[in-house]
Amino acid sequence: MLNILVNNIRFSLYFSHTRTILPECTICRIISESNEIISEGIALVHYKDRFCRKIGRKISLAKALKKSRLNKKTRKQFWIEYFKICEKDIYEYHYGTSS
């Protein structure tokens, strides 16, 4: 679960991946501070493609944001915060804790 602060409102992004049921998929849920599901997006893997969590997260988040009733400015802020967190995680994975 990723916690994101957008316009002083805390949201959680919950990703789940299924690899045992065909087609494989990634599900993204956008959850508000009050634990209300705002939107949900599902990314299905084509049978000729290889499963990739990173791509599945991006596609499912894009679909969840598209279905939500959030304005364009808020959706853009979601992406900015998402990439800040993901880039930090990738850096820590490769180089240890960031300073």
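What counts and how
- Residues numbered from 1 in each chain as written.
- Predicted model: local features only at pLDDT ≥ 70, side-chain atom pairs only at ≥ 80, totals over all residues.
- Heavy atoms only, no water.
- Helix = DSSP H or I, 4+ residues; strand = E, 2+ residues; numbered from the N terminus.
- Buried < 20%, exposed > 50% of the residue type's maximum accessible area, 1.4 Å probe, protein only.
- Contact = heavy atoms within 4.5 Å.
- Areas by Shrake-Rupley, 256 points an atom, 1.4 Å probe, with all protein chains shown as cover.

**Student:** Pulling in residues and values, what's your account of the overall build of the chain?
**Tutor:** For the chain, the helix and strand inventory stands at two helices and four strands. N-terminal to C-terminal, the α/β element order of the chain is β-β-β-β-α-α. For the chain, with 99 residues in total, the buried portion stands at 33%. A sequence separation of at least 24 residues applies to 38% of the contacts in the chain between residues at least 6 apart. Accessible surface for the chain amounts to roughly 7,400 Å². Of this, 52% is attributable to carbon and sulfur atoms.

**Student:** Which residues make up unusual backbone geometry, and what values do they have?
**Tutor:** Working note: non-glycine residues mostly have negative phi, and peptide bonds are mostly trans. Positive phi is not limited to glycine here, since N8 has a value of about 60°. Here N8 lies in the loop between β1 (2-6) and β2 (9-18). When its relative accessible area of 70% is taken as the criterion, N8 is described as exposed. For N35, which is not a glycine, the phi torsion comes out positive at approximately 60°. Checked against the element boundaries, N35 lands in the loop between β3 (25-31) and β4 (37-44).

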